[in-house]
Each structure stands twice: as structure tokens, then as C-alpha cells.
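Given next are the chains, with one letter for each unit.
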Amino acid sequence: MEEFSAALSTGIRLDALGEHIRQQRLQRHVTLEQLSEKSSVSRSMLSAVERGEKIPSVLILDRIATALGTSIARLLGEERRERVIILRHAKQDVAADPSGWERRILSPVLPNVEFELMRTTIGPGVYAGTFLPHGPGSREYVAIERGTLELTLDGVPHRLERGDSIYYAADCLHAFYNPDTHEPCEYYLAMDVTGYPETMTHRKAGA
């Protein structure tokens, strides 16, 4: 089931978000039909997002970014070319999902760099969803700042507590869940997507 009700604390307008997605898609010579197949998001939903008529959930937005071989940060923000970039807390992009979790983007969008550093907060007992595999050679690193995280990689669960960290090859299905029904889970995640988007292949969600 596709979701539409995420809140983006970014200052970006819906039409601007849609245009960013459209530009990234066209740069990669990907049709709406191809993007729909890779992302498991319907063509009608993608078309509505590109026209600025609908805003997707964070999970759907991540699936679009993954299918394009990029990050949510690139879909939300503009490239920066300065040698030193400070992102003040009040200016950082935040995507909040109505299911009870949010992603704060801590890294700038740089030319020819597909890297994203984020801080994620998952509410008590909240399942953030299953994210599609990134391209071959992609890597993710997670460090738990507070609470407990159950990270499931291709069906294998890994329980992480405060102070724990984990690395994994990100070309796998990965799901995030806070099993604690009383305390939120807060963690940092660094994502490095390598290779060229046009050469990346993505396994379907049912693989």
C-alpha cells in the first residue's frame, strides 16, 4: 500500500520536490515505467509526485531514491560546491513519517558524490519499514546513540543496543524496528552508494 502523508521540514515546495525527482530520473534516462518497476511504486503515484500533487511517505521517497541510485538528500536539496559547508540544526532537512519516525539529513549534497549521513529517531514500538537493496558496492554503517534497534538484513535480525555499531553491504533488503515499547531509538546511519546509477541493478522486494 502506497503512503502519501509524510511531512518534510525542508522548506521545499511539492512542485520543487517533484521537479528534483523528475530531473534525477531524466538525467539517468529512466522512464516512469522503468522507475516504477525498480522502486515498486506505481506509475500513477510517481507521476503525481513529479507533478507536485502528492507527497510520498519517507519509505516511498527512499524507494524512489534507491531506484535512481541516489539518496533522499539529493532529491530534497541542491548541490553545494564549497570546500567547507556548515549545516545549522535549524536548516537541516528533516523527513518525518506519520508512522512515528523521522530522518534528519546531516550531510550536504556534493557533485558526483552519493553519500548521506543521517540521524534517525524511531518511536517506541514503531516499525519503520523494509527498504529496498541499494546498488552493488553500496555500504551502510549504523551507530546506536540511544535505545534498541532491531535491524533485519535479508531476513536475518540483528539486535543493537546503545553504543553498538554495525556495517553491512547495502545491496540487501534492510528493515528497521524499535522493539522497545517505552523508549525511542536514536541512531546515526552513513550511506555510501558507489558505482554509476545506470549500471546498478536492484533486486525486487520479494527476492
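Here, residues in each chain are numbered from 1, in the same order as that chain's written sequence. For a predicted model such as this one, the threshold for reporting local features is a pLDDT of at least 70, and the threshold for listing and counting side-chain atom pairs is 80 or more; totals across whole chains, interfaces and linings nevertheless cover every residue. Side-chain metrics in this entry use all non-hydrogen atoms of the structure; hydrogen atoms and water are not considered.

For helices the rule is a DSSP run of H or I covering at least 4 residues; for strands it is a run of E covering at least 2, with both sets numbered from the N terminus onward. With respect to the helices and strands, Gln24 occurs in helix 1 (residues 14-27). Along the sequence, Gln24 and Leu68 sit 44 residues apart, while their C-alpha atoms lie 7.3 Å from each other. For the purposes of these results, a polar contact is taken to be a pair of N or O atoms within 3.5 Å, where, inside protein, one atom must be able to donate a hydrogen and its partner to accept one; residues adjacent in sequence count only when each atom of the pair is a side-chain atom. A polar atom in the side chain of Gln24 sits 2.6 Å from the side chain of Arg28.

Further remarks concern helix 2 (residues 32-39). When a residue's accessible area, from a 1.4 Å probe over protein chains only, is under 20% of the maximum for its type it is buried; when over 50% it is exposed; and in between it is partly exposed. Within the sequence span of helix 2, burial applies to Leu32, Leu35, Ser36 and Ser39. The arc that holds the buried residues of helix 2, viewed along the axis, is 100°, so those residues lie on one side. As used here, the arc belongs to the directions running from the helix axis to the C-beta atoms.

Right, let's get into the sheet that holds strand 8 (residues 156-160). Pairing within the open sheet is antiparallel, and its 4 strands lie in the order 5-10-7-8. Either end of the sheet is taken by a strand with one partner, and the two such strands are strand 5 (127-131) and strand 8. Across the sheet, the axes of successive neighbouring strands diverge by a mean angle of 15°, strand direction being ignored. In this structure, strand 7 (residues 149-153) lies alongside strand 8, joined through 5 bridges in antiparallel fashion. The residue of strand 8 that forms the bridge with Thr152 is Pro157. Here, any two strands with at least 2 DSSP bridges between them count as paired. Angles shown run from 0 to 180 degrees and are taken between the N-to-C directions of axes, each axis being a line fitted to C-alpha atoms and, for helices, limited to the stretch in contact.

Attention now goes to the pattern of salt bridges. Should the charged atoms of two oppositely charged side chains come close, the side chains can pair. By convention in these notes, a salt bridge is any Lys or Arg side-chain nitrogen within 4 Å of a carboxyl oxygen on Asp or Glu. Counted according to the given criterion, the structure contains 16 salt bridges. One salt bridge connects Arg74 with Glu79, and the closest N-O pair in it is separated by 2.8 Å. In this structure, Arg146 engages Glu186 in a salt bridge whose closest nitrogen and oxygen atoms are separated by 3.4 Å. Residue Arg146 is located in strand 6 (residues 139-146), and its partner Glu186 is located in strand 11 (residues 185-192); the two are separated by 40 residues in the primary sequence. You can call Arg146 partly exposed: its relative accessible area is 35%. Relative accessible area serves as the criterion here: at 13%, Glu186 is assigned to the buried category.

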